[in-house]
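A look at the structure
Spelled out, the chains give:
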Amino acid sequence: MKHGLSFSRIRRVILLGSIGAMVCAAVVLPSSAPAQIQARGADPERPWVADADALLADGFLEEAERAYVVLSAEHGDDPGLWTRVAFVRLQLGQVAAAMEAAVRAHDLAPGDIDAILIRARCEAVAGDTGSAAATLQRGLELHPDAGALMESLTSIFIALERWPEAVGVLRELIRTNPEQPIYYMDLGRILLTQGDYGGAVA
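Small disclaimer: the values here were computed from a predicted structure and weren't measured.

Calculation criteria
Residues numbered from 1 in each chain as written. Predicted model: local features only at pLDDT ≥ 70, side-chain atom pairs only at ≥ 80, totals over all residues. Heavy atoms only, no water. Helix = DSSP H or I, 4+ residues; strand = E, 2+ residues; numbered from the N terminus. Core = buried A, V, L, I, M, F, W, Y, C linked by side-chain atoms within 4.5 Å. Buried < 20%, exposed > 50% of the residue type's maximum accessible area, 1.4 Å probe, protein only. Contact = heavy atoms within 4.5 Å. Axes fitted to C-alpha atoms, helices over the stretch in contact; angles between N-to-C directions. Parallel < 35°, antiparallel > 145°, perpendicular 65-115°, else oblique. Left-handed = near helix turned anticlockwise from the far one by under 90°. Nonpolar A, V, L, I, M, F, W, Y, C, P; charged D, E, K, R; others polar. Salt bridge = Lys/Arg side-chain N within 4 Å of Asp/Glu carboxyl O.

What follows is about the overall build of the protein. Along its length, the protein carries 12 helices and 0 strands. Ordered by position from N to C terminus, the α and β elements of the protein give α-α-α-α-α-α-α-α-α-α-α-α.

Counting 27 residues, the largest nonpolar core has Leu 136, Leu 149 and Leu 153 as the members making the most contacts within it. Elements with a contribution of two residues or more to this core: α7 (113-125), α8 (129-142), α9 (147-159), α10 (163-176) and α11 (181-193). Looking at this core, the element that brings in the most residues is α9, giving 7 residues. Ignoring any residue separated from it by four or fewer positions in sequence, one finds Leu 149 in contact with Ile 113, Ile 116, Leu 117, Leu 136, Gly 139, Leu 140 and His 143.

Contact geometry for helix α5 (residues 79-91) and α7: axes closest at 10 Å, N-to-C directions at 30°. Relative to α7, the element α5 is oriented roughly parallel. α7 is crossed by α5, and the crossing has left-handed handedness. Contact residues: α5 offers Thr 83, Ala 86, Phe 87 and Leu 90, while α7 offers Asp 114, Ala 115, Ile 118, Arg 121, Cys 122 and Val 125. Of the residues assigned to the contact of α5 with α7, the class counts are 7 nonpolar, 1 polar and 2 charged.

So, about the pattern of salt bridges. With the rule as written, the count across this model stands at 11 salt bridges. The closest approach of N and O atoms between Arg 46 and Asp 78, which form a salt bridge, is 2.6 Å. Taken as a pair, Arg 46 in the loop between α2 (19-22) and α3 (50-57) and Asp 78 in the loop between α4 (61-75) and α5 lie far apart in primary sequence, 32 residues in all. Of the two residues, Arg 46 and Asp 78, both sit in the buried class. Arg 189 is the partner of Asp 186 in a salt bridge, and the nearest nitrogen-oxygen pair spans 2.5 Å. Of this pair, Asp 186 and Arg 189 both sit in helix α11, 3 residues apart, which is roughly one turn of the helix. On the accessibility criterion, Asp 186 (4% relative accessible area) is buried.

In this section: the packing of α3 against α4. At their nearest, the axes of α3 and α4 sit 8 Å apart, and the two run at 160° to each other. Overall, the two elements α3 and α4 adopt an arrangement that is roughly antiparallel. Here the hand of the crossing between α3 and α4 comes out left-handed. On α4, the residues touching Ala 52, Asp 53, Leu 55 and Leu 56 of α3 are Leu 61, Glu 63, Ala 64, Ala 67, Tyr 68 and Leu 71. Taken together, the residues of the contact of α3 with α4 break down into 8 nonpolar, no polar and 2 charged.

Let us look at the environment of Ala 86. The residue Ala 86 is located in helix α5 in this model. Overall, Ala 86 belongs to the buried group, its relative accessible area being 0%. A sequence separation of 17 residues divides Ala 86 from Val 103, and the C-alpha atoms of the two residues are 8.9 Å apart. Leave out the neighbours within four places in its chain, and Ala 86 touches Ala 98, Ala 101, Ala 102 and Ile 118.

We now examine α3. Of all 8 residues in α3, 6 are buried; the element is thus mostly enclosed. Listed in full, the buried residues belonging to α3 are Ala 50, Ala 52, Asp 53, Ala 54, Leu 56 and Ala 57.

Here's what the structure looks like:
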């Protein structure tokens, strides 16, 4: 039976949408679950996490968090597990505990995109947008074409009013994903706010 939530859809709920809509008073990166939660047992690398993933997909957040913590006794060296713990704790409003889990996931797998994203999201939710930007930039050094990282970094740069850097990342997104109209719209909005009317309509 398929669930409505997927770690690739969770990644895009840690990520997508209009960049303008991503930026709130306290910067909140798009909240997406780890990229493997698709259906019961859908993560072939972690069949042991299927029941806990099903709880998360069905919206039983507290039960899912408890189930993941129980699994950590045997699978505490698995970064995907700690990414899930961080994600569900954020949904529960447990920011400090989520950060602890996100740091653990990232330390275990510094190059894992989901671990990078969840750490940056935790940092942003905690109000440390500078660290969130740095985490994403380090991730892009490892994955230069990772659209998920670029989208999140753009939202951070917009929130910090680092307009030239936001424009630069958006232009790279357009170069690598020219079929995505939302990137052109977001770039146009930024250029308009900067008075670059010619660039905005180009």
